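Listed below, chain by chain, are the residues.
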Amino acid sequence: MRLLVTGGLGFIGSNFIRHVLTEHPGVRVVNLDLRTYAGNPANLADLRGNPRYRWIKGDIADPFIVKRCMAGADAVVHFAAETHVDRSILDAGAFLRTNVVGTDVLLRAALKNGVERFVHVGTDEVYGSVPRGFSTESDRLLPNSPYAASKAAGDLLARSYFVTHGLPVIVTRASNNFGPYQFPEKALPLMITNWIDDKPYPLYGDGRQVRDWLYVLDHVRALDLILRRGRPGEVYNVAGGYSCANRELVERVRRLMEKPRDLVKRVPDRPGHDRRYALNFSKLKKLGYRPAHGFGAALARTVDWYRGHETWWRPLKKDGGYRAYYRRQYAARLGAAS
Ligand code: DAU
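Since the structure is predicted, the reported quantities are computational estimates derived from the model, not experimental observations.

Quick notes on the rules
Residues numbered from 1 in each chain as written. Predicted model: local features only at pLDDT ≥ 70, side-chain atom pairs only at ≥ 80, totals over all residues. Heavy atoms only, no water. Salt bridge = Lys/Arg side-chain N within 4 Å of Asp/Glu carboxyl O. Helix = DSSP H or I, 4+ residues; strand = E, 2+ residues; numbered from the N terminus. Buried < 20%, exposed > 50% of the residue type's maximum accessible area, 1.4 Å probe, protein only. 1 Å grid on protein atoms, 1.4 Å probe; cavity = no way out; pocket = protein on both sides within 12 Å on 5 of 7 lines; lining within 4 Å. Points joined across faces, edges and corners; volume = space filled by probe spheres on them. Nonpolar A, V, L, I, M, F, W, Y, C, P; charged D, E, K, R; others polar. Near = heavy atom within 4 Å. Polar contact = N/O pair within 3.5 Å; in protein donor to acceptor, adjacent residues only side chain to side chain. Areas by Shrake-Rupley, 256 points an atom, 1.4 Å probe, with all protein chains shown as cover.

J.: How do you make sense of the pattern of salt bridges when you look at a structure like this?
T.: Opposite charge on two side chains permits pairing when their charged atoms draw close. Scanning all chains against the criterion turns up 18 salt bridges. With a shortest N-O distance of 2.6 Å, Arg-221 and Asp-218 are connected by a salt bridge. Separated by 3 residues within a single helix, Arg-221 and Asp-218 lie in helix H7 (residues 216-229), roughly one turn from each other. A residue is classified by how much of its surface remains accessible, and Arg-221, at 30% relative accessible area, is partly exposed. Glu-251 is the partner of Arg-261 in a salt bridge, and the nearest nitrogen-oxygen pair spans 3.8 Å. Taken as a pair, Arg-261 in the loop between helix H8 (246-257) and strand S12 (264-267) and Glu-251 in helix H8 lie far apart in primary sequence, 10 residues in all. Three or more residues joined by partner-sharing salt bridges are found here, namely Glu-251, Arg-254, Arg-255 and Arg-261.

J.: I would appreciate a short explanation of empty space enclosed by the protein in the present structure.
T.: Picture a little ball the size of a water molecule; that probe, rolled over the atoms, points out where space is still empty. Overall, the coordinates contain 2 cavities of 30 Å³ or more when judged by the stated rule. Taken as a whole, the largest cavity encloses approximately 60 Å³ of empty space. What lines the largest cavity is Val-85, Glu-125, Asn-144, Ser-145, Arg-211, Arg-270, Pro-271, Gly-272, His-273, Asp-274 and Tyr-277. Classifying every residue of the lining of the largest cavity gives 3 nonpolar, 4 polar and 4 charged. What the second largest cavity holds in volume is close to 40 Å³. In the lining of the second largest cavity, the residues fall into 7 nonpolar, 4 polar and no charged.

J.: Looking at this structure, how should I read the site of the ligand?
T.: Around the ligand, a shell composed of 25 residues is seen, among which Thr-123, Asp-124, Tyr-147, Pro-202 and Arg-270 lie nearest. Measuring from an oxygen atom of the ligand, one finds a side-chain N or O atom of Lys-186 at 3.0 Å. For the ligand, a nitrogen atom lies 2.7 Å from a polar atom in the backbone of Pro-202. Contact with the protein chains covers 95% of the free accessible surface of the ligand, which is 690 Å². When contributions to the shell around the ligand are tallied by element, the ones reaching two or more residues are helix H3 (85-90), helix H6 (187-196) and strand S8 (201-204). Sorting elements by how many residues they give to the shell around the ligand places S8 first, with 4 residues. Split by residue class, the shell around the ligand holds 10 nonpolar, 8 polar and 7 charged.

Remember that the coordinates give geometry; whether it matters functionally is a separate question.
As structure tokens, then:
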């Protein structure tokens, strides 16, 4: 099978590529990735020289490069996206270009090329905040951040290509991922890397927001299963099955890393911050999915991974673009502590 993966230099995409190349000797991967700030060739340094893997640098919103990459592809797994909610609050422009226009360019090319499967990797944030109960795939979409709205647009575009053109599209909606190679702007890698340096972690608002935590290696297994056994036209929720409030998460990691309480710094809340996400993923369980990693063990492995990979994350945090973002996002909130 020849697979076109988009955004394969990112956190989830790179873990997925490593997974499929390890598990399926007959798979060849073309990775179309623009190498934005969150895309990092170091994530797949171990694949250098692998004849079954090729990275092509390019923008999914560019029809010419997409046409070239799509030629000969049997299936597409589409990860490429702007993903950070806080950045979408500062400026949503790049989110619309990649998550909406880029998705449309890919869908059109996939249709022209007659691909057998198109998996659109989406997010549970499209459901909006869920005060109680669990979101099922048929629930209405009520995205609250510009990021979530752009992902909902891509998700619905994908659906429209199935209904209108019969393109065999499958949409997934996953909860909060964590694990190796996650860019240190997201909550967990920011917390862990700040605490390795004894710097404070900024906890938004009252810290009572609830998230479901999904280990990335479970997520990529789920996506592989969906690619092979999922039904075109369907949506699948993907969750880890462990949920907690942010302040509990912070406490767990703080104890695990043996850090003092004053390294948790309450800061003003994220505007429009969703209080709770919760997914019903029984449809995916019927396909045969079970999370294989318990949350506690996966969290400990993740902390160990960041402790053992300082040469991976330190250059990212030293980069001028990251520092400018960090200052803009946190300096006023953290004051002298930052
Ligand atoms: O739910 C799936 C989504 O999970 C993905 O679609 C997004 O791409 C991904 O970024 C993530 O979104 P969140 O906004 O939930 O993740 P984030 O890591 O930014 O934040 C997790 C929680 O921690 C959230 O309630 C906000 C809070 N937080 C985050 C940061 C970065 C803090 O309290 N302080 C922080 O500095």
